[in-house]
Amino acid sequence: MMTLREGMHMIYDSLLFIGMAIVYFTETIILTLIPRRYRAKSIKGEIALITGGASGIGKLIAIKLAKLGAHVIIWDINKNGLEEVAEEIRKIGGKCWTYCCDIADKEAVYHTAKAVQVEIGNVNLLINNAGYVYGKTFMELPDREIERTFKVNILSHYWITKSFLKDMMKNNHGHIVTIASVAGLLGIYNCTDYSATKFAAIGCHESLVTELKVHGYEGIQMTLVCPYLINTGMFNGVKPRLMPMLEPEYVAEEVIAGVLVNESLIILPHILRYLLPFKSLLPMKMNWALMYHILKGPQIMMTFKGRESNDTVSDDYGTTNYKDIRKH
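Reading the values: rules and limits
Residues numbered from 1 in each chain as written. Predicted model: local features only at pLDDT ≥ 70, side-chain atom pairs only at ≥ 80, totals over all residues. Heavy atoms only, no water. Helix = DSSP H or I, 4+ residues; strand = E, 2+ residues; numbered from the N terminus. Buried < 20%, exposed > 50% of the residue type's maximum accessible area, 1.4 Å probe, protein only. Contact = heavy atoms within 4.5 Å. Core = buried A, V, L, I, M, F, W, Y, C linked by side-chain atoms within 4.5 Å. Pairing = 2+ DSSP bridges. Axes fitted to C-alpha atoms, helices over the stretch in contact; angles between N-to-C directions. Parallel < 35°, antiparallel > 145°, perpendicular 65-115°, else oblique. Left-handed = near helix turned anticlockwise from the far one by under 90°. Nonpolar A, V, L, I, M, F, W, Y, C, P; charged D, E, K, R; others polar. Phe/Tyr/Trp six-rings, centres within 6.5 Å; stacked < 30°, edge-to-face > 60°. Lys NZ or Arg CZ within 6 Å of the ring centre and 35° of its normal. Right-handed = clockwise from strand over helix to strand, strands pointing away.

1. Side note on the overall build of the protein
At step 1: The secondary structure content of the protein amounts to 11 helices and seven strands.
At step 2: Within the protein, the fraction of its 328 residues that count as buried is 41%.
At step 3: Considering only contacts in the protein between residues 6 or more positions apart, those separated by 24 or more positions represent 69%.

Structural data, given as structure tokens:
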């Protein structure tokens, strides 16, 4: 039996929810009507760190940040790529520092983060961009590749963010960007490892937003980015049926634009923001049936070539595929 006190709490919470919904919906509508250029903040002089910045959208984001006056730090395992990006940024008069760091190695992350703080200063803008995908079906995934995908795509976010968040909290100033994926909102064929890590990245990001707000760190902004497949070579062989892959230049430009106006969520292309809610509204079996019919064709995710493992022995269990199983 509900007590009077509990009933009053329920009424209060309901009215609070309705009031907040009205305020935030109104705010969203107003901000949508105001062009981004009138809402953009300055990042001149801010220290920005981008992981996976030696190629792909990471490289483009780094160059665009430098053009806006940010002091750019790039982490990557590609030494040649690091040198090329640094040279390109310096040619346009920007400031850039590079560190060769395997973010799958926790100790390497902490060591490199300490070097950054000593040699350059406190990071104000952190972009967790680096990603990894193996691209095989569940039964073909080597254990070591699963572990690496998790280390790069989600565990590194903990290690890297922990390294720089403390200084942001001291100054109540900073911005953290999580490059996740639409694959973190929908399970994708050949991506049980990749999709799982992107789901985790979204959950981690949203929980951290809540923690920072609850503890009063309003000066630390958070932006979650969920792009569709990007034409960077990561998903080699994929030819999507519904819409073409996104071009890296477009994605990088949208990320920068979103950061400058402190946008909380960026889903690319934007139309997916309105389509994805149907996943929760439709029966789960219908979702699976739609995904099957969309993905079963020879021109899409089943043509994803994936990677070759560098391991001579994949794992204790071994790897197999569904066709091998059906033969027995």
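2. Details of the nonpolar core
At step 1: Counting 44 residues, the largest nonpolar core has Ile-61, Leu-65, Val-72, Ile-74, Ile-89 and Ile-127 as its most contacted members.
At step 2: The residues touching Ile-127, leaving out its near neighbours within four places in the chain, are Leu-49, Ile-50, Thr-51, Ile-61, Leu-65, Val-177 and Ile-179.
At step 3: Residues Trp-75, Val-109, Leu-212 and Ile-220 belong to the second largest nonpolar core, which totals 30 residues.

3. Things to note about the environment of Lys-162
At step 1: Note on placement: Lys-162 falls in helix H5 (residues 143-171).
At step 2: C-alpha of Lys-162 to C-alpha of Tyr-110: the two residues are 52 residues apart in sequence and 9.1 Å apart in space.
At step 3: Once residues lying within four places of it in the same chain are set aside, the contact partners of Lys-162 are Tyr-110 and His-157.

4. Considering the environment of Ala-86
At step 1: Among the secondary structure elements, Ala-86 is positioned in helix H3 (residues 79-91).
At step 2: Each C-alpha atom of the pair Ala-86 and Ile-63 lies 8.9 Å from the other, and the pair is 23 residues apart in sequence.
At step 3: Apart from residues lying up to four places away in sequence, Ala-86 is in contact with Cys-96 and Thr-98.

5. Quick notes on the sheet that holds strand S3 (residues 95-100)
At step 1: Taking strand neighbours across the sheet as the criterion, the seven strands line up as S3-S2-S1-S4-S5-S6-S7 in an open arrangement whose pairing is parallel. Strand pairing shows two members of the sheet lacking a second neighbour, S3 and strand S7 (265-268), which therefore form its edges. For this sheet the average axis-to-axis angle between neighbouring strands, irrespective of direction, equals 15 degrees.
At step 2: As paired elements, strand S1 (residues 47-51) and strand S2 (residues 71-76) share five bridges and run parallel to each other. Looking at the pairing, Ile-47 lines up with His-71 of S2.
At step 3: On top of the sheet, helix H2 (residues 56-67) reaches S1, S2, strand S4 (125-128) and strand S5 (174-179); it is set at about 170 degrees to S1, its chief contact.

6. Some words on the packing of H2 against helix H7 (residues 248-260)
At step 1: Closest axis-to-axis distance for the H2/H7 pair is 9 Å, and the angle between their directions is 50 degrees. When the interaxial angle is binned, H2 and H7 end up oblique. Helix-helix and strand crossings are classified by hand; for H2 and H7 the assignment is right-handed. Residue-level contacts link Ile-57, Leu-60, Ile-61, Lys-64 and Leu-65 of H2 to Pro-248, Glu-249, Val-251, Ala-252, Glu-253, Val-255 and Ile-256 of H7.
At step 2: For the contact of H2 with H7, the per-class residue count stands at nine nonpolar, no polar and three charged.

7. Quick notes on the packing of aromatic side chains
At step 1: Inspection of every chain in the model, using the stated rule, returns one aromatic pair.
At step 2: One residue, Arg-148, lies across the ring of Tyr-132, its end atom 5.5 Å from the ring centre.

8. Thoughts on the pairing of S3
The two faces of a sheet get side chains in turn, since along a regular strand they alternate between them.
At step 1: As judged from the six bridges shared by S2 and S3, these two strands associate in the parallel manner. Bridging from a neighbouring strand, Asp-76 pairs with Cys-100 of S3.
At step 2: Taken together, S2, H3 and S3 form a β-α-β motif whose crossover is right-handed.

9. Comments concerning unusual backbone geometry
Most peptide bonds take the trans form, and the phi angle of most residues other than glycine is negative.
At step 1: Residues Leu-268 and Pro-269 are joined by a peptide bond in cis, for which omega reads -5 degrees.
At step 2: Examined against the element boundaries, Pro-269 turns out to sit in the loop between S7 and helix H8 (272-275).
At step 3: Despite not being glycine, Asn-172 has its phi angle at roughly 45 degrees, a positive value.
At step 4: Following the sequence through the fold, Asn-172 ends up in the loop between H5 and S5.
At step 5: Asn-172 gets classed as partly exposed once you look at its relative accessible area, which sits at 32%.
At step 6: One non-glycine residue, Asn-190, lies in the positive phi region at around 70 degrees.
At step 7: Turning to its location among the elements, Asn-190 is positioned in the loop between S5 and helix H6 (192-214).

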